[in-house]
Each structure stands twice: as C-alpha cells, then as structure tokens.
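# Architecture and fold: a report
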Amino acid sequence: MGLFDKSKLTDIAKGVQNAGNGLASTLSSGLSGLGKKKNDKKEPAEEAATSDMPEVVEAVPVAASAPATQPVVIDSLDGMQTWLQSFEVTAKPAALQTLQQQIQVLSFVQSPSMTGMAVDTMLASLNRALKYAESEVEKDEIRESFTSMIQNFMFFSEARLQYAIESNKQETAKLLSTAGEMLSHSVKGVASLAAGGRAATVGVVIKNVFSTPAVQKKFFSAVAAWIGNKTGLEKKEREYHEMLANLFDTLDMYASLIGPSIVVHGMLKRYIPWVMKDYRRKKFKLISDRMAELKRGEVFELISNSSATVSAGIKGLMSGNLNTLTDVVTDLSKSLGTSKAFTKSEGGDFETLHSLVTAGEAQIDRLEQGIALADTQLMALNAELSDVSFLNVFKKKDLCDKMEKLEKEKEELEAKLKKAKDWQMGIQSLQEEAAPIQEEIVAYEARLQAIAAKYSIMP
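Residues numbered from 1 in each chain as written. Predicted model: local features only at pLDDT ≥ 70, side-chain atom pairs only at ≥ 80, totals over all residues. Heavy atoms only, no water.

Check the secondary structure of the chain and you find 17 helices and two strands. The buried share of the chain, reckoned over its 459 residues, is 41%. Relative to all contacts within the chain whose residues are 6 or more apart in sequence, the contacts with residues 24 or more apart total 82%. With the model as given, the accessible surface of the chain reaches about 24,800 Å², and the carbon-plus-sulfur share is 55%. (Helix = DSSP H or I, 4+ residues; strand = E, 2+ residues; numbered from the N terminus. Buried < 20%, exposed > 50% of the residue type's maximum accessible area, 1.4 Å probe, protein only. Contact = heavy atoms within 4.5 Å. Areas by Shrake-Rupley, 256 points an atom, 1.4 Å probe, with all protein chains shown as cover.)

Overall, the coordinates contain 18 salt bridges when judged by the stated rule. Note that Arg281 is salt-bridged to Asp278, the shortest N-O span being 2.6 Å. Separated by three residues within a single helix, Arg281 and Asp278 lie in helix α12 (residues 262-283), roughly one turn from each other. The exposure class of Asp278 is buried, given its relative accessible area of 10%. One salt bridge in this structure joins Glu440 and Lys283, with 2.7 Å as the shortest N-O distance. Linking Glu440 in helix α17 (residues 393-453) with Lys283 in helix α12, this pair joins segments that are 157 residues apart in sequence. A residue is classified by how much of its surface remains accessible, and Glu440, at 36% relative accessible area, is partly exposed. In this structure, a network of salt bridges that share partners links the residues Asp249, Asp252, Arg447 and Lys454. (Salt bridge = Lys/Arg side-chain N within 4 Å of Asp/Glu carboxyl O.)

Below, the discussion takes up the confidence of the model for the chain. For the chain, the mean per-residue pLDDT works out to 75, and 70% of the residues sit at or above 70. Within the chain, helix α3 (residues 55-58) has the poorest average pLDDT of any element, 36, and helix α11 (residues 255-258) the best, 95. A low-confidence stretch, residues 296-311 stays under pLDDT 50, and its non-local contacts, those more than four residues away or across chains, total 40 contacts. Taken as a whole, residues 313-326 scores under 50 in pLDDT and shows 21 contacts with residues more than four places along the chain or in a different chain. (pLDDT = per-residue confidence, 0-100.)

Our focus in this paragraph is the packing of helix α6 (residues 117-132) against helix α7 (residues 136-165). With their axes 10 Å apart at the nearest point, α6 and α7 run at an angle of 175 degrees to one another. It follows that α6 is roughly antiparallel to α7 by the angle criterion. Residue-level inspection shows Ala118, Val119, Met122, Leu123, Ser125, Leu126, Ala129 and Leu130 of α6 in contact with α7, the latter providing Lys139, Ile142, Arg143, Phe146, Met149, Ile150 and Phe153. For the contact of α6 with α7, the residue count by class is 12 nonpolar, one polar and two charged. (Axes fitted to C-alpha atoms, helices over the stretch in contact; angles between N-to-C directions. Parallel < 35°, antiparallel > 145°, perpendicular 65-115°, else oblique. Nonpolar A, V, L, I, M, F, W, Y, C, P; charged D, E, K, R; others polar.)

Orientation of helix α16 (residues 350-387) relative to α17, taken along the N-to-C sense of each, is 160 degrees, at an axis distance of 8 Å. Comparing their axes, α17 and α16 come out roughly antiparallel. Note on packing geometry: the crossing formed by α16 with α17 is left-handed. Its residues assigned to classes, the contact of α16 with α17 comprises 23 nonpolar, 10 polar and 13 charged. (Left-handed = near helix turned anticlockwise from the far one by under 90°.)

The next subject is the side chain of Ser261. Summarising the element assignment, Ser261 is placed in the loop between α11 and α12. From its side chain, Ser261 meets the backbone nitrogen of Val264 in a polar contact 3.1 Å long. Excluding anything up to four places from it in sequence, Ser261 contacts Thr147, Tyr455 and Ile457. (Polar contact = N/O pair within 3.5 Å; in protein donor to acceptor, adjacent residues only side chain to side chain.)

If you check helix α8 (residues 169-195), its first and last C-alpha atoms are 39 Å apart, about what 27 residues at 1.5 Å a residue would give, namely 39 Å. Where α8 ends, the next residue or the one after it, Gly196, has phi of about 90 degrees, a positive value. (Expected span 1.5 Å × (residues − 1).)

Across its 16 residues, α6 extends 23 Å between first and last C-alpha, which sits within 8% of the 22 Å expected from 1.5 Å per residue. Among all positions in α6, only Ala118, Val119, Met122, Leu123, Ser125, Leu126, Ala129 and Leu130 are buried. The buried residues of α6 occupy one face: seen down the axis, they fall within an arc of 165 degrees. Those residues of α6 that are exposed and angled more than 90 degrees off the buried face are Met117 and Lys131. Against the buried residues of α6 lie α5 (93-109), α7, α10 (230-253) and α11. (Arc of directions from axis to C-beta.)

This paragraph deals with the nonpolar core. The tendency in soluble globular proteins is for nonpolar side chains to be buried side by side. If you look at the biggest cluster of nonpolar residues, it comprises 85 residues, and the most contacted ones within it are Met80, Ile142, Phe156, Leu183, Phe210, Leu251 and Leu268. It is α8 that provides the largest number of residues to this core, a total of 12 residues. The residues contacting Phe210, other than those within four sequence positions of it, are Leu77, Val109, Phe156, Leu176, Ser177, Gly180, Leu183, Val215, Gln216 and Phe219. In terms of nonpolar packing, the next biggest core, distinct from the first, is built from eight residues, Leu378, Val388, Met403 and Leu406 among them. (Core = buried A, V, L, I, M, F, W, Y, C linked by side-chain atoms within 4.5 Å.)

This paragraph deals with the environment of Thr172. Mapped onto the elements, Thr172 comes out in helix α8. The class for Thr172 is buried, based on a relative accessible area of 3%. Placed 44 residues apart in sequence, Thr172 and Gln216 show a C-alpha to C-alpha distance of 9.8 Å. Among residues more than four places away in sequence, those in contact with Thr172 are Ala159, Gln162, Tyr163, Glu166 and Phe220.

Looking now at the packing of aromatic side chains. To describe a pair of aromatic rings, one takes the distance between the centres and the angle between the planes. A full pass over the atoms with the stated rule returns 10 aromatic pairs. Between Tyr163 and Phe220 the ring centres are 4.1 Å apart and the planes differ by 5 degrees, which places this aromatic pair in the stacked class. Of this pair, Tyr163 sits in helix α7 while Phe220 is found in helix α9 (residues 213-227), placing the two residues 57 residues apart along the sequence. Ring-pair connections join several aromatic residues into one group, and the members of that group are Phe156, Tyr163, Phe210, Phe219 and Phe220. Directly above the aromatic system of Phe108 lies the positively charged group of Arg160, at a separation of 4.5 Å from the ring centroid. (Phe/Tyr/Trp six-rings, centres within 6.5 Å; stacked < 30°, edge-to-face > 60°. Lys NZ or Arg CZ within 6 Å of the ring centre and 35° of its normal.)

Take a nonpolar patch on the surface next. Where nonpolar side chains cluster on the molecular surface, the patch consists of Ile262, Ile457 and Met458 and spans about 350 Å² of accessible area. Relative to the helices and strands, Ile262 resides in helix α12. (Patch = residues over 30% accessible without salt bridge, like charges linked within 9 Å, V, L, I, M, F, W, Y side chains within 5 Å.)

As structure tokens, this is what we get:
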C-alpha cells in the first residue's frame, strides 16, 4: 500500500485539508482545553502559581497535528487511489464526478486491456460534472482535469501497443514514464479540485510510479501476456487503430462540451498520421492486391541510365560506329526483365501508382528507341551488304552474322516491349480505379484536421 495504510492516509488528507483554515483555532482550542483540564485538578492558589509556566505549551502535540510540515510521499497506485478516496466525503458534486473518474483511470492503468469506451465514460462524467459546477472558473478547472485524463488514457494505450510492436524497448519505456508523470500531475490536480484549493495538497508528493525499471518490467510483462502471440498482436493493433479513429468521431461530436484545449488539439494532431496510415491501407487494399498480382508476372526494372546509353548509341551510329548500337541492345537485354520492379511499393497508394505509370511510360519509350535503333542499324548493315562484292565471301558472312544477331536482339526487345505495354495498361487501369479512392482519402484527412482545429485556442 506504499508508505502508509488507508486510515492513516485519510487522517492525513483531512488534516492537510483543514490545516490552512483551522490551525490557529486548533492550537487555541488545544491550549484552552489543556488549561481547563489542569484547572479542574488544581486549587486556586496553585493556579495562580503555575499559570505562567511554559509546560502547558510544551504539552500540546503541535507536530503531530500539522502534516503540512511533514511531507507525505505517495509512491504507489493504491496509495493514489486511497488518497483520492479520502476526499469523497467532503467533495462538492461537480468535483466528486471528476474525482471518481480519476479513480477509474487509476484502475485502467493497472489493467493491460484498453477500450475506447473509456473515453465515452469520461465524457459522460464530464457532462454531469459541468451541470453541477457552480461557476465558470469551476467549469474550466473540471474541463482541464478531464482533458488531462483523456490524454493520459491515450498515452497508456499507446505505450501498451508500442511495447509489443516496436523493437526499441527503451523508447517505449520513456513513453510509459511520460504517461506516469502525466498521471501524477492529473491525480494531484483532481485532489486539489476535490479539496477546494491547492492548499489541501501542499506537502504531498506524488511520485511517478512508472519511472522505475522494476515497475516498467511488471507492466510490460502483463502486456505481453495480454497480447499473446502474433495473431493476438494483429488483433490488438486493429483494435487500437479503431479506437483512434473513434476518438476523432467522439471528440468531433462533443467538441462544444470540452471546449478549446491545447492538450486535446496537440493530442489529435499527434494521432492524425497514425489514423491516416491505417485508413489509406484499408482503402487501397484492393488496389494493393491487384498490384501484387502484377508483380508476380514479369515486371520490368527501370533503367536509370538507359536514356543516356541510347543517346550515346544514336551519336555513335551517326559517326559510323555500328558496334555502339550492339552494345546498347546488349545492355538493354541484360538490364530489362531481370528482376521485379517496385517490390517495395507498400500499400499501393495513389502516389505509387502515379510513379509507376510515369516510369512505365519512360521505360516503354526507351524500349521503342532501342528497337528503332536496331532497325536503323539493320538498314545500314543491309546497305553495306549490298555494296560488297559477291566475291568477298568473308565480308558478306560477317555482315550477315551481325544482321542475324541484331534481328534476334530486336525480337527480344519487341517481346519485352509487348509485356511492358500490357503491364502499363494494367497499372493505368489501377490508377483510374484509385482516383476516386484518393479523393476519399484527401477528404478524410481534411476532416481529421478540421476536428483538431476545433480545439485550437488560436483564432
């Protein structure tokens, strides 16, 4: 239970709560009572003789009744809960709603499970608390407490999932420690609200219980057992992404209840990329599957230096260097079709499709240039052959061999060109199908940004 039991926590909390207003009267009453007790036992003469003696003051247990001078350290979740519960009796209705919700959050962080319904429950409690609030200042304080609780809830949920999917456990531990620091701050703020002022929490130190390696290890062990195997992790990932998407819908609906909030605005901006990544993946799943089908066939690898090579071939041909074009054709034949292109185009998103279409067009253009150069060289070889004397057998054979080899290379390029065009038609078809999906994605992201903007305090 930490450093003290529940009854002692309750006594300390009540003592701290009353210290600010009643310390003087307590001391006065103690002195008066003690004096009265002694008078009952003394004769009048004895009273006169001892009325000015200092023993009366020394007998008053001032140190024991002034907890403000003795810092109280709360170093466990159970300690936080007990301390908060000690304020339930005296808390006003609005603060009581906030107090009870904070206790629920403490229960949540001790459990490995996560549920989006927690946010709905918090907002229902916030609605009730605001109805009980007696002033606008109190309403602002209540809203601040609830937004801190929502942010804290999301950070703990994130830490759970990140621990399971991230290889960098050190960064995840930092995230958990940050969530623990938020929790300590939130608990103290709610206690101050329930007690009617910050004076009631003076001298109370709430430690970050999630900052130590031992507690972190225990927390993450529970998470690992909760998630289980790879299938369980995939399920929890889906649940988490659904919770994030629902968070935006919920906070959109109740924006007027919460009001402008730096905390909520920052939290939503943080999660927009996460929500969009999952939304984009789901929307493009069909397109992505179709792209995978294309990849299983022969897909041509883009050649970054083909254009320069072909240009060199044309220049060489114009200079009379017929062997240059053979080098170009050989280079193209070796480079094209040797591997699957775009194997890393994850998600099949619209930008990837656009890049594929553009690259495919350039690839087809290079293949067509290679075929055109082959035709040009064949014409040149044929013209040269016609000028060679029929008696020059060796020259004729050499030219015929070159033409035969070039014809074969040209046929290979033509076959690759046909496949490239077929593949290009498939990619263009996918791009046409993806266009309306891309519009939906752009519109959805704009909506998320608009929801976050509702909470901005800037005009």
